Amino acid sequence: MAKQITTINTASMADIAFMMLFFFLVTTNLDVDLGLARMLPPIPDENQQQDDVKVNRRNVMVVLINSQDRILAGNQPIEIGQLKEKVREFILNPADHPDLPEKEIRDVENFGPYPITKGVISLQNDRSTTYDTYMRVQNELIKAYNEIREEFSMQQFGKPFIKLDEVEQKVVRTIYNQAISEAEPRDVSKRARR
Amino acid sequence: MAKFSRKLKGGLPAINTASLSDIVFMLLFFFMLTAQVRKFETKVMVKVPEATEVTKLERKDLASYISIGAPVLSHQAQYGDDARVQLNDSFKEVDDIRDFIAAEREARSEVDRPFMNVVLKVDQNVRMGVVTDVKQELRRCSALKIVYSARRAAQ
């Protein structure tokens, strides 16, 4: 009699593996977390004297969102589409306009002296502002900074910001530092809370 | 021609499916390695707002999640439909954030602690009041690195 070879039927093996595969597909989340990274200011020390440096009026732009989700930038009501241009103008101040922030020539490490703006954007909101509007404003502010950084990288290094090496990226970040201050919460509406 | 017809006579040979399981196992291991198990069920409805300037969260293991939104329908009878804060897997008050952050810090190794960040998953219809309260509480715990979770908007 010929040699008898018994093979195990492996057809169901694939089914078992498929079952496990589907289990993992259902129970896992592959979505990457995306978001706007921000840094909160530390709580000011209560014992510390409130001797904050007198900030020049021209160096601050207040972006205010009221309870009706209307935006006020630099004391002017503004539409969200115009906000980016306004912020750009505020940061760059190309014509050295006396109403826009002053610049100070500072020595940037690995780059040399460069006029750095002293402008700060102060973002304020009401307690009943919707989060959606707040995020859209945040997004516009960051977009303005990203655009300026992009242009600066192309101009100075001839490469987009993302292709720069770490040292160069740090230079760009130092020169156009995201100075967005999320102000201490307070009621911007006239009536009292609740 | 003759050769061809003779071959057909034997009927179709069975395809060997032994390697199929290997392929599926390969897929399985790929998913097991790349994905992480969902940590907790969400009890609040969160639809994060859209943004164009989003960045990717670098270290998922160093992130703590705070969700703010209206409770899901099955919980609304009990908790109402006002925006609530969810830490891990239960509804909490803003005051509980302090303990939550402390516990999250404790769970990470000392080297990683400065790189921890808090991901705020906030529904787009939530009012800023509760978000501001949470932000203030985070500042008090000096958990200053935060990420506002957002969807990538269609350009």
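Residues numbered from 1 in each chain as written. Chains lettered and ligands numbered in written order. Predicted model: local features only at pLDDT ≥ 70, side-chain atom pairs only at ≥ 80, totals over all residues. Heavy atoms only, no water.

Some points on the overall build of chain A
The number of helices and strands found in chain A is 4 helices and 9 strands. Taking all 194 residues of chain A together, the buried fraction comes to 37%. Put simply, 65% of the contacts in chain A that link residues at least 6 apart link residues at least 24 apart. Accessible area for chain A stands at about 12,700 Å²; split by element, carbon and sulfur atoms hold 52% of it. (Helix = DSSP H or I, 4+ residues; strand = E, 2+ residues; numbered from the N terminus. Buried < 20%, exposed > 50% of the residue type's maximum accessible area, 1.4 Å probe, protein only. Contact = heavy atoms within 4.5 Å. Areas by Shrake-Rupley, 256 points an atom, 1.4 Å probe, with all protein chains shown as cover.)

Here we look at the confidence of the model for chain B
With 89% of its residues at a pLDDT of 70 or more, chain B shows a mean pLDDT of 81. Scoring of the predicted complex yields 0.75 for pTM and 0.73 for ipTM. (pLDDT = per-residue confidence, 0-100.)

A few points about the sheet that holds strand S3 (residues 60–65) of chain A
Residues and elements named next belong to chain A. The strand order across the open sheet formed by 5 strands is S5-S4-S3-S8-S9, and the pairing between neighbours is mixed. The sheet is open, and its two edges are formed by strand S5 (76–78) and strand S9 (180–182), each paired on a single side. When the angles between neighbouring strand axes are averaged without regard to direction, this sheet yields 25°. Summarising the sheet, strand S8 (residues 120–125) and S9 pair through 3 bridges and their orientation is parallel. Paired with Ile121 across the bridge in S9 is Ile180. (Pairing = 2+ DSSP bridges. Axes fitted to C-alpha atoms, helices over the stretch in contact; angles between N-to-C directions.)

Brief notes about the interface of chain A and chain B
Counting from both sides, the interface comprises 48 residues of chain A and, opposite them, 52 residues of chain B. Inspection of the region where chain A meets chain B yields 1 salt bridge. Arg127 of chain A is the salt-bridge partner of Asp133 of chain B, the closest N and O atoms lying 3.1 Å from each other. Our count for the chain A to chain B interface comes out at 17 residue pairs in polar contact (both at pLDDT 80 or more). Elements represented by at least two residues in the side of chain A that touches chain B include exactly helix H1 (11–27), strand S1 (28–29), strand S2 (34–39) and helix H3 (131–157) of chain A. With 11 residues, the top contributor of residues to the side of chain A that touches chain B is H1 of chain A. Here the side of chain A that touches chain B is built from residues that sort into 26 nonpolar, 13 polar and 9 charged. Bridge analysis of S2 of chain A against strand S9 (residues 145–149) of chain B gives 5 bridges, and the strand direction is antiparallel. Residue pairing in the sheet places Leu36 of chain A in a bridge with Tyr148 of chain B of S9 of chain B. (Salt bridge = Lys/Arg side-chain N within 4 Å of Asp/Glu carboxyl O. Polar contact = N/O pair within 3.5 Å; in protein donor to acceptor, adjacent residues only side chain to side chain. Nonpolar A, V, L, I, M, F, W, Y, C, P; charged D, E, K, R; others polar.)

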